[in-house]
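Below are the chains, spelled out letter by letter.
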Amino acid sequence: MSAQAQPASERRRAKRSDVPVFAMGHRLGNLEVIVCCGTGGVGKTTVSAALGMAVAAAQDKRVLVLTVDPAKRLATALGLRGIGADPVKVSPRALHGAGLPAKGEVVAAMLDTKSAWDRLIERFAPNRGTADRILRNRFYQRISDAFIGSHEYAAMDALYELHQGGEYDVVVVDTPPSRNALDFLEAPNRLADYVGARLLSWLAGPSGFGRAMSFAASPFLRLADRLLGDDTLEEVADFVRQLQQLYGGVQARARDVYRLLRSPQVGFVVVTTLEPGPFAEAEFFTSKLREFSMPLRAIVVNRVLPEMLRNPNAAAAATVLEEHPQIATWLSSELDLRVTADTTRAIGETYKLFNALAQRDARQLSRLERLGAVPTSRIPLFTDEVSALEGLVRIAGLL
Amino acid sequence: MLEKLLRRRVIFVSGKGGTGKTTVAAALALLAARNGKRVLAVDVDAKGDLAAALGSRGAGFKPQIVQPGISSLALQPQESFQEYLNIYFKVPRLARLTPLARVFDFIATGVPGPRDMLVVGKIAYEERRRQANSRPVWDIIVVDAAPSGQVVSHLTAARSLLTLVKGGMITAQVQWVDQLIRDHARTTVVICALAQEMPVIEAIELDARLRAEAGVAVDCCVLNRLIPMHVTPAQLRVARAMSDDAHASRVRERLGGPPQPLTLALETAAELNQTDSARGRQLREGLRVPVIDVPLVVARSSLAVSRVVAEAIDEATG
């Protein structure tokens, strides 16, 4: 029996004893920043963690895996409980026990968006008084949670800081699960736009919203007052006015972040499954990366079904099992087992389902090269769930 | 259960990204239409995936008919804001590039309170629309809502805004939106999940948060993409014996194709059966609402998938 034709259980056993190669770890390990992107539900967090491990396995590097997801997924995936704002080193002994003979080390961190925003305000405010006024503003208190692209911006900013800090050789960042992957790329500019919008200058006004100001005649203000009540607009204006003092700093930072993202030491890794929806997102995202001149370095295709399930002759065999009840009698004597027509039909139907899934996958696989001429990893579908460290190590070896 | 669900005025469909929210929303819209209701299917982002799942090319801000009895629209905060100003303040539509329009755009899309408020505000406005004979324009509104991370802030937007805005016309309007959202008789959430670790955890968290933080009713959870067949030990034994070296070549000859892929499919299905039932148990233990099992569907078009999922929901709840 050829290796291809072994049943699943045997193949899996064989695969585990193979020496993992961590090829992606060798290939991408010379980058300083690896940004993993993809749409929700494709296993992006898992792949980022595994990628960090592959780098540490291949090279003597200090690797930070940074997740920005509010759902604390990396913590679960790494088998760690209660990751705080401080990075946590993944125990080398645990890694070794899970089958990862790491040359380097892996540190995991979770970005706390709220405190990242507070730090950002403190950093860019011209003085303590301005910082305090912003931090106390009720609008600000809601914004750091729900501002469009706020997670994305905080992630970009933290990524930049970590890279500048130089404490880690490689930073692998798992991007936030926005429905629109582009939010991540556009976040720095968008924030600079908001803070700097000249339009808001006149809204904020040189001396604010004095009730007797000539503004009172402006249709906008009359409308806004009817809409919101008097004090609210005053408070918004104060917020905008304070925020504008941050403009220079934020704009410079946005420029720096973009420069970093376009630099040769940064690489983007797109993670996708072969389902039509996520794959279409990946196609869109890679085209946008090209447009933004940001370098795509690798593609990871997750949850790929074994090629064997696309076998058309097996589909013919499945049809025989489904449609000819008398085959059960023949099989019964051949296998010396009790075989009913229900059993043979069920076997045929089950193959047909997986064959249909595998064929749907194949349509996407044929378009894979169009995503970009970069190394591609295919991670098979694991029927047992990948959440423990061992699972991550298994994926790291396949990358 | 389905009957009760379809008596609601507004159904928000949420869950972790990738759990099939759009398909489930489309399926519910199809079921409602089949029960003779005039349905509005709302996509909360402008991508128009929901319209696609209902067999249409895409949706705009104005409702357009996508299936018999179903109209669809995609929410766009700027458009909602302009419409709002137009309806309540008789402010004419503003040209895109005037400074005033850009300030409005900023407020509508950039500031979280108003932006989230516009999402639910537009839905509440559609709920309130009446025909000349005072019958509602829509019998039911099905919303392909934001994923679990963001849907709570949408559903609490009205209440948050009430804490920020003191006075002004908006207070009364926001109040009725809040009343609609928190009215358990009219508004509900359907949570989508997959039989995987994170989708299950997020579904359970979302159920708890919706009750505690948003005060919104949750009617049920749809556990999506389950393996439709249950592989028995007897089937597995036969499938494995077929690939055994002692029989494989004769079986191949008799069936006209190799048995090994069949064995692999059975083994894969059997393993997935185990995670399906383990995660299904975890979900049922963690949730306070019924769980509807929906099988994995493979079909050529997303409309075809929506139709099969609609049948499955109908069958599971009937």
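Predicted model, so just to flag it, every value in this text is computed and none were measured.

Here's the deal with the overall build of chain B
Okay, so step 1: Assigned secondary structure in chain B consists of 14 helices and eight strands.
Okay, so step 2: Taking all 318 residues of chain B together, 52% fall into the buried category.
Okay, so step 3: Excluding contacts between residues fewer than 6 apart, the proportion of contacts in chain B whose partners are at least 24 apart in sequence is 69%.

Structural notes on the overall build of chain A
Okay, so step 1: Helices and strands together make up the secondary structure of chain A, namely 19 helices and eight strands.
Okay, so step 2: With 399 residues in all, chain A has 46% of them scored as buried.
Okay, so step 3: In chain A, the proportion of contacts linking residues at least 24 apart, taken out of those at least 6 apart, comes to 80%.

Side note on the nonpolar core
Okay, so step 1: Core analysis: the biggest nonpolar cluster contains 119 residues, and Val13(B), Ala29(B), Ala41(B), Val142(B) and Val143(B) have the highest contact counts within it.
Okay, so step 2: Top contributing element to this core by residue count: helix H2 (residues 21–34) of chain B, with ten residues.
Okay, so step 3: With sequence-adjacent residues up to four places away left out, Val142(B) is seen in contact with Ile11(B), Val13(B), Ala25(B), Leu28(B), Ala29(B), Ala32(B), Val39(B) and Ala41(B).
Okay, so step 4: Core analysis: the second largest hydrophobic core is formed by 83 residues, Val63(A), Val65(A), Ala154(A) and Leu398(A) among them.

A short note on helix H15 (residues 276–291) of chain A
All names here are of chain A.
Okay, so step 1: Between its first and last C-alpha atoms H15 spans 23 Å; for 16 residues at 1.5 Å apiece the expected length is 22 Å, and the two agree.
Okay, so step 2: Turning to H15, its buried residues are Gly-277, Pro-278, Phe-279, Glu-281, Ala-282, Phe-285, Thr-286 and Leu-289.
Okay, so step 3: Each element contacted by the buried residues of H15 is listed here: strand S1 (33–37), strand S6 (266–272), strand S7 (296–304) and helix H18 (341–365).
Okay, so step 4: At the C-terminal side of H15, Ser-293 shows a positive phi close to 50°.

Here we look at the confidence of the model for chain B
Okay, so step 1: Put simply, chain B has an average pLDDT of 89, and 90% of its residues get 70 or more.
Okay, so step 2: Both confidence scores are given for the complex: pTM 0.86, ipTM 0.89.

What about the sheet that holds strand S6 (residues 187–194) of chain B?
Strand-to-strand pairing in sheets goes through backbone hydrogen bonds, with the strands running parallel or antiparallel.
Residue and element names in this part refer to chain B.
Okay, so step 1: The mixed open sheet is built from eight strands, whose spatial order is S3-S4-S2-S5-S1-S6-S7-S8. If you trace the sheet from one side to the other, it starts and ends with strand S3 (64–67) and strand S8 (291–295), each paired once. The mean inter-strand angle of the sheet, taken between neighbouring strand axes irrespective of direction, is 25°.
Okay, so step 2: One ladder, built from six bridges, connects S6 with strand S7 (residues 218–226); its direction is parallel. The partner of Val-190 across the bridge, within S7, is Cys-220.
Okay, so step 3: Across the sheet, H2 is in contact with strand S1 (10–15), strand S2 (39–43), S3, strand S4 (70–74), strand S5 (140–144), S6 and S7; its angle to S5 comes to roughly 165°.

Here we look at the sheet that holds S6(A)
Residue and element names in this part refer to chain A.
Okay, so step 1: With mixed pairing, the eight strands of this open sheet are ordered in space as S3-S4-S2-S5-S1-S6-S7-S8. Each edge of the open sheet carries a strand with a single partner, namely strand S3 (88–89) and strand S8 (376–380).
Okay, so step 2: The sheet contact formed by S1 and strand S5 (residues 170–174) spans four bridges and is parallel. Bridge assignment links Val-35 to a residue of S5, and that residue is Val-173.
Okay, so step 3: The strands touched by helix H3 (residues 44–58) within the sheet are S1, strand S2 (62–67), strand S4 (105–110), S5, S6 and S7, with S2 carrying the most contacts at an inclination of about 175°.
Okay, so step 4: Each of S1, S6 and S7 touches H15; the most contacted strand, S6, lies at about 160° to it.

As for the pairing of S3(B)
All names here are of chain B.
Okay, so step 1: With three bridges connecting them, S3 and S4 associate as antiparallel partners. Bridge assignment links Ile-65 to a residue of S4, and that residue is Ser-71.
Okay, so step 2: Following S3, the chain reverses through two residues before pairing antiparallel with S4; Gly-69 in that reversal takes a positive phi of roughly 85°.

Regarding the environment of Leu243(A)
Okay, so step 1: Mapped onto the fold, Leu243(A) is located in helix H13 (residues 230–244).
Okay, so step 2: Counting along the chain gives 148 residues from Leu243(A) to Leu95(A), while the straight-line C-alpha distance between them is 45 Å.

A word on the packing of H18(A) against helix H13 (residues 260–286) of chain B
Okay, so step 1: The contact between H18(A) and H13(B) brings their axes to 9 Å, and the two run at 85°. Classified by the interaxial angle, the pair formed by H18(A) and H13(B) is roughly perpendicular. Across the interface between the two elements, Ile347(A), Thr350(A), Tyr351(A) and Phe354(A) from H18(A) touch Pro261(B), Leu262(B), Ala265(B), Leu266(B), Thr268(B) and Ala269(B) from H13(B).

As for the environment of Ala57(A)
Residues and elements named next belong to chain A.
Okay, so step 1: Along the polypeptide, Ala-57 turns up in helix H3.
Okay, so step 2: Sequence separation between Ala-57 and Pro-101 is 44 residues, and the spatial gap between their C-alpha atoms is 6.2 Å.
Okay, so step 3: Not counting chain neighbours up to four residues away, the residues in contact with Ala-57 comprise Phe-22, Gly-25, Leu-100, Pro-101, Ala-102, Lys-103 and Ala-396.

Section: the packing of H18(A) against helix H11 (residues 233–243) of chain B
Okay, so step 1: Between H18(A) and H11(B), whose axes approach to 10 Å, the crossing angle comes to 75°. Comparing the axis directions of H18(A) and H11(B) gives the class roughly perpendicular. Seen from H18(A), the contacting residues are Thr343(A), Ala346(A) and Ile347(A); seen from H11(B), they are Ala234(B), Gln235(B), Val238(B) and Ala239(B).
Okay, so step 2: A class-by-class count of the residues in the contact of H18(A) with H11(B) yields five nonpolar, two polar and no charged.

Brief notes about the pairing of S8(B)
All names here are of chain B.
Okay, so step 1: Side chains of S8 alternate between two faces, with Ile-292 and Val-294 buried and Val-291, Asp-293 and Pro-295 left unburied.
Okay, so step 2: In this structure, S7 lies alongside S8, joined through four bridges in parallel fashion. Across the sheet, residue Leu-226 finds its bridge partner in S8, namely Pro-295.

Re the confidence of the model for chain A
Residues and elements named next belong to chain A.
Okay, so step 1: Across chain A, the average pLDDT comes to 77, with 70% of residues at or above 70.
Okay, so step 2: Across residues 1–6, where pLDDT falls below 50, the model places six contacts with residues more than four positions away in sequence or in other chains.
Okay, so step 3: Considering only residues more than four positions removed or in separate chains, one finds that residues 206–217, a stretch of pLDDT under 50, has eleven contacts.

A closer look at unusual backbone geometry
Residues and elements named next belong to chain A.
Okay, so step 1: At Ser-293, a position not held by glycine, the phi torsion is positive, near 50°.
Okay, so step 2: With a phi close to 60°, Arg-303 is a non-glycine residue in the positive phi region.
Okay, so step 3: Of the residues examined, Arg-303 has 18 C-beta atoms within 10 Å and is grouped as partly exposed.

With respect to the environment of Ala41(B)
Residues and elements named next belong to chain B.
Okay, so step 1: Its place among the elements puts Ala-41 in strand S2.
Okay, so step 2: According to the C-beta neighbour criterion, Ala-41 is buried, with 32 such atoms within 10 Å.
Okay, so step 3: Taking the C-alpha atoms as reference points, Ala-41 and Ser-277, separated by 236 residues in sequence, lie 32 Å from one another.
Okay, so step 4: Not counting chain neighbours up to four residues away, the residues in contact with Ala-41 comprise Ala-25, Ala-26, Ala-29, Leu-50, Leu-54, Ile-70, Ser-72 and Val-142.

Rules used in this analysis
Residues numbered from 1 in each chain as written. Chains lettered and ligands numbered in written order. Predicted model: local features only at pLDDT ≥ 70, side-chain atom pairs only at ≥ 80, totals over all residues. Helix = DSSP H or I, 4+ residues; strand = E, 2+ residues; numbered from the N terminus. Buried ≥ 20, exposed ≤ 12 C-beta atoms within 10 Å, placed from the backbone. Contact = placed C-beta atoms within 7 Å. Core = buried A, V, L, I, M, F, W, Y, C linked by C-beta atoms within 7 Å. Expected span 1.5 Å × (residues − 1). pLDDT = per-residue confidence, 0-100. Pairing = 2+ DSSP bridges. Axes fitted to C-alpha atoms, helices over the stretch in contact; angles between N-to-C directions. Parallel < 35°, antiparallel > 145°, perpendicular 65-115°, else oblique. Nonpolar A, V, L, I, M, F, W, Y, C, P; charged D, E, K, R; others polar.

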